[in-house]
Amino acid sequence: MATRSLRASSAALPLPVLLKRMVLYTHRHIQFNRRRSLLPITTVAAGTLLVYVVLTLIEVVNAQMAQFNGTLSPATAAAMGRATLYVAIICLIVGGLETAIVMTRSVLSRIQEIGVLKATGVSNAIVVGLFMTEAIIYGFLGGLVGVIVGWWVAAIAQMLSGMPLALLPVWQNAALALLLAVATSVVAALFPIWRTVRLSAIQAIYHQF
Amino acid sequence: MSIKLVKIALANLLRHRTRTVLSATGLALAIATVLFVNVIALSFEAGVTAVYDYIRQTPEGIANVWITPTGGFTLDADTGFFKTPAFMPVDEIDELKTGVDLSKGEVVQVLTESLPVTDPPLVIYGRSDQSSVWLSPSAAIALNAAANQSITLENIAVKVDRIALPDLGAGNVALVPLEVAGQILKRPDQLSWLMLRQEGLPKLRRDLLAAGLSATTDPTVTKSDGKAIAYFLEGRYGREDIVSFGVKFAALYINQASSTLLGWLAKITLALGFVLMLSAALLSIEERRREFGIMVAVGVSGDVLYLFLMESLLLFAGSTLIGLWLGIILLQGLTPELLDWGVVMKSMALVICYIPPMIVFGSLIPAQMLLQKSPVQLLRAA
């Protein structure tokens, strides 16, 4: 039903209606493939959690390391200071990359579906729009779960390490982590979709991932 | 049979190159991150006890008894080096030698104290087995000294022979002969501690107790009745001694380090790495539902499981290798100072422990579950 409603003279449809139908299509897709959708969301959540926890804790980690300055040589202490910064940067990059990989896989494994959509007359713009909607939904849901779980994880880790819980810039980091999750999902999905929609319907249907 | 299986699995992986590359990248990135974060957290822990390993060295091995004056030893927060709150006169040692047989091994006499001539303070570390003056690189910079040049410490001219000391807990260290340390520190005929490497420890312990010393394996014991304390660094004595000095010492300092936020961050990364890897593995099964459906429909379900397991094994092994390599490259490039191979090996072992649970939870169980479904179910869902 959703496919039919997208196909029917989609160019003439007003944008809000089109958007509503795209969301409906994605909703149906997630509904029918619950297990399959759960995995990208989990990966995005894990990536976001990593990003959020590192963003939130890195300052406190540095403050706590400073307490050990007496037992570490100045050279080691300086190296540790730099190392914690690298930990933060690498966690950010890896969190983003894992999200990107899972979104790419999610698009590539559905190339045949794109072929079917194209064969039934759905325009390229709408196919791109559909997968973008999906990427935004995955990114947002995964990011939300990651931030909520990450808040608890960060708080518990801080409690266990005996650092005071006060003054966490939680909202800024949460917003940043969520934004990063959605943006990475969209950017990562864009490239494989762009490559796929340029194939003909037949090529897409016969394409094997 | 198994070689054929490997060949088919390899061919299958190569046929779906994009899919293989994406799964392997996902797995490898998770492994590299876990390795990187863990090595950093562990090196921090190792750095905290490096001094302990350093001071135990004797010319021919590692000391097994450490005798300090009453008050025990502490780690100086300013220098990161050990210090004793009190000093013992050399006479006391001579007295000790009459009652205790110290001929079965080595005895190293140590006098150490810090001088506020640099920042952090310069540790003068005098040892009876040292014949020349060595400076640590940071001390040489702070004192503006070079090898084969003389420097003046507390009005005593000292010729620096080498600038070569390992970078350990303390930054500014001058390793000097015992007599030179006595002159610089204005403590002639005084000692901070004795390091013994002796054979026949039970007899030595009895002798030391008879001479009136306290003998213990507990680093937190710092009080004795006036006389010195002998810490037995190896082995256990008596029923109450459950763990050795080294373990207790490590517990005292390392636990402090591993329960820091960095330690917890490493544990969080360890768990998240597993979640990321597991979801990457499960995704590669979900992507192949259709393939499984066709295989089951033509009746080759048993072999499919073996084939799939072999593929997963190859994929996991390959990505683990790439991930470990990537992690080491990152460590080498970003923090070469912290690259201690012992620590890296420990972290690598930790990461390799991931593989068996990954195979069970990431491929064996889910693949078995899929194969129990009817081909119609599998093909429809795909």
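Residues numbered from 1 in each chain as written. Chains lettered and ligands numbered in written order. Predicted model: local features only at pLDDT ≥ 70, side-chain atom pairs only at ≥ 80, totals over all residues. Heavy atoms only, no water.

A. Highlighting the overall build of chain A. Scanning chain A for helices and strands turns up eight helices and zero strands. Across chain A, helices and strands are ordered from the amino to the carboxyl terminus as α-α-α-α-α-α-α-α. In chain A, buried positions account for 54% of the 209 residues. Intrachain contacts of chain A at a sequence separation of at least 6 include 84% that bridge at least 24 residues. About 9800 Å² of surface is accessible on chain A, with carbon and sulfur atoms providing 72% of the total. (Helix = DSSP H or I, 4+ residues; strand = E, 2+ residues; numbered from the N terminus. Buried < 20%, exposed > 50% of the residue type's maximum accessible area, 1.4 Å probe, protein only. Contact = heavy atoms within 4.5 Å. Areas by Shrake-Rupley, 256 points an atom, 1.4 Å probe, with all protein chains shown as cover.)

B. Layout of the side chain of Thr112 of chain B. Residues and elements named next belong to chain B. Within the fold, Thr112 resides in strand β7 (residues 105–115). Residue classification places Thr112 among the buried positions, given a relative accessible area of 3%. There is a polar contact of 3.0 Å between the side chain of Thr112 and the backbone oxygen of Ile124. Apart from the residues within four sequence positions on either side, Thr112 is in contact with Phe81, Phe82, Phe87, Val123, Ile124, Tyr125, Leu185, Ser192 and Trp193. (Polar contact = N/O pair within 3.5 Å; in protein donor to acceptor, adjacent residues only side chain to side chain.)

C. Layout of the pattern of salt bridges. One pass over the full model with this rule turns up 13 salt bridges over all chains. A salt bridge links Arg110 of chain A to Glu113 of chain A; its shortest N-O distance comes to 2.8 Å. Residues Glu60 of chain B and Arg197 of chain B are paired through a salt bridge, measuring 3.6 Å at the closest nitrogen-oxygen approach. Placement of the pair is Glu60 of chain B in the loop between β1 (57–58) and β2 (61–62) and Arg197 of chain B in strand β15 (residues 193–198), with a sequence separation of 137 residues. Via salt bridges that share partners, Arg19, Arg288, Glu291 and Glu311 of chain B belong to a single interconnected network. (Salt bridge = Lys/Arg side-chain N within 4 Å of Asp/Glu carboxyl O.)

D. A nonpolar patch on the surface, seen in detail. Residues Phe140, Leu141, Leu144, Ile148, Trp151, Trp152, Ile156 and Leu160 of chain A make up a contiguous nonpolar surface patch of about 770 Å² in total accessible area. Examined against the element boundaries, Leu144 of chain A turns out to sit in helix α6 (residues 124–160). (Patch = residues over 30% accessible without salt bridge, like charges linked within 9 Å, V, L, I, M, F, W, Y side chains within 5 Å.)

E. Geometry of helix α13 (residues 355–371) of chain B. If you check α13 of chain B, its first and last C-alpha atoms are 22 Å apart, about what 17 residues at 1.5 Å a residue would give, namely 24 Å. All of the buried residues in α13 of chain B are Ile355, Met358, Ile359, Gly362, Ser363, Pro366, Ala367, Leu370 and Leu371 of chain B. (Expected span 1.5 Å × (residues − 1).)

F. How the structure looks around the confidence of the model for chain B. Residues and elements named next belong to chain B. Mean pLDDT over chain B: 83, with 91% of residues reaching 70 or higher. By mean pLDDT, helix α8 (residues 245–258) is the weakest element of chain B at 67, and helix α6 (residues 178–184) is the strongest at 91. For this predicted complex, the interface confidence reaches an ipTM of 0.83, while the overall pTM sits at 0.71. (pLDDT = per-residue confidence, 0-100.)

G. Representation of the side chain of Thr20 of chain B. Relative to the assigned elements, Thr20 of chain B resides in helix α2 (residues 17–48). Discounting chain neighbours no more than four positions away, the residues touching Thr20 of chain B are Leu13 and Leu315 of chain B.

H. Spatial organisation of the pairing of strand β8 (residues 122–127) of chain B. Residue and element names in this part refer to chain B. Counting buried positions over the six residues of β8 gives six, a clear majority of the element. Hairpin connection between β7 and β8: a loop of six residues separates the two successive antiparallel strands. Sheet topology places β8 next to strand β13 (residues 173–177); five bridges connect them, and they run parallel. Looking at β13, one finds that Ile124 is bridged to Ala174. (Pairing = 2+ DSSP bridges.)

I. How the structure looks around the sheet that holds β7 of chain B. Residue and element names in this part refer to chain B. Strand order in the open sheet formed by nine strands is β12-β9-β13-β8-β7-β15-β3-β17-β16, and the pairing between neighbours is mixed. Of all strands in the sheet, those bounded by a partner on one side alone are β12 (162–163) and β16 (214–216). Pairing of strand β3 (residues 65–68) with β15, which is carried by three bridges, proceeds in the antiparallel orientation. Residue Trp66 lies in a different strand from β15, and its bridge partner there is Met195. Contacts between helix α7 (residues 201–210) and the sheet are confined to β3, β15, β16 and β17 (229–232), with β17 contributing the most and set at about 165° to the helix. (Axes fitted to C-alpha atoms, helices over the stretch in contact; angles between N-to-C directions.)

J. Just the nonpolar core, in detail. Of all hydrophobic cores here, the largest spans 67 residues; its most connected members are Leu57 of chain A together with Ile40, Leu262 and Met358 of chain B. Elements with a minimum of two residues in this core: α3 (34–66), α4 (74–108) and α6 of chain A together with α2, α9 (261–286), α11 (301–334), α12 (341–352) and α13 of chain B. With 15 residues, α2 of chain B is the largest single contributor of residues to this core. Not counting the four nearest positions on each side in its chain, Leu262 of chain B is found in contact with Val61, Met65, Met80 and Thr84 of chain A together with Ile40, Ala41 and Phe44 of chain B. (Core = buried A, V, L, I, M, F, W, Y, C linked by side-chain atoms within 4.5 Å.)

K. Geometry of the packing of helix α1 (residues 2–15) of chain B against α11 of chain B. Residue and element names in this part refer to chain B. Where α1 contacts α11, the two axes come as close as 9 Å, and the packing angle between them is 65°. Comparing the axis directions of α1 and α11 gives the class roughly perpendicular. By crossing handedness, the relation of α1 to α11 is classed as right-handed. Residues Leu5, Val6, Ile8, Ala9, Leu10, Asn12 and Leu13 of α1 form the contact with α11, whose own contacting residues are Tyr306, Leu307, Met310, Glu311, Leu314 and Leu315. Its residues assigned to classes, the contact of α1 with α11 shows eleven nonpolar, one polar and one charged. (Parallel < 35°, antiparallel > 145°, perpendicular 65-115°, else oblique. Left-handed = near helix turned anticlockwise from the far one by under 90°. Nonpolar A, V, L, I, M, F, W, Y, C, P; charged D, E, K, R; others polar.)

L. Structural view of the environment of Leu24 of chain A. Mapped onto the elements, Leu24 of chain A comes out in helix α2 (residues 15–32). Leu24 of chain A sits 184 residues away from Gln208 of chain A along the chain, and the two C-alpha atoms are 27 Å apart.

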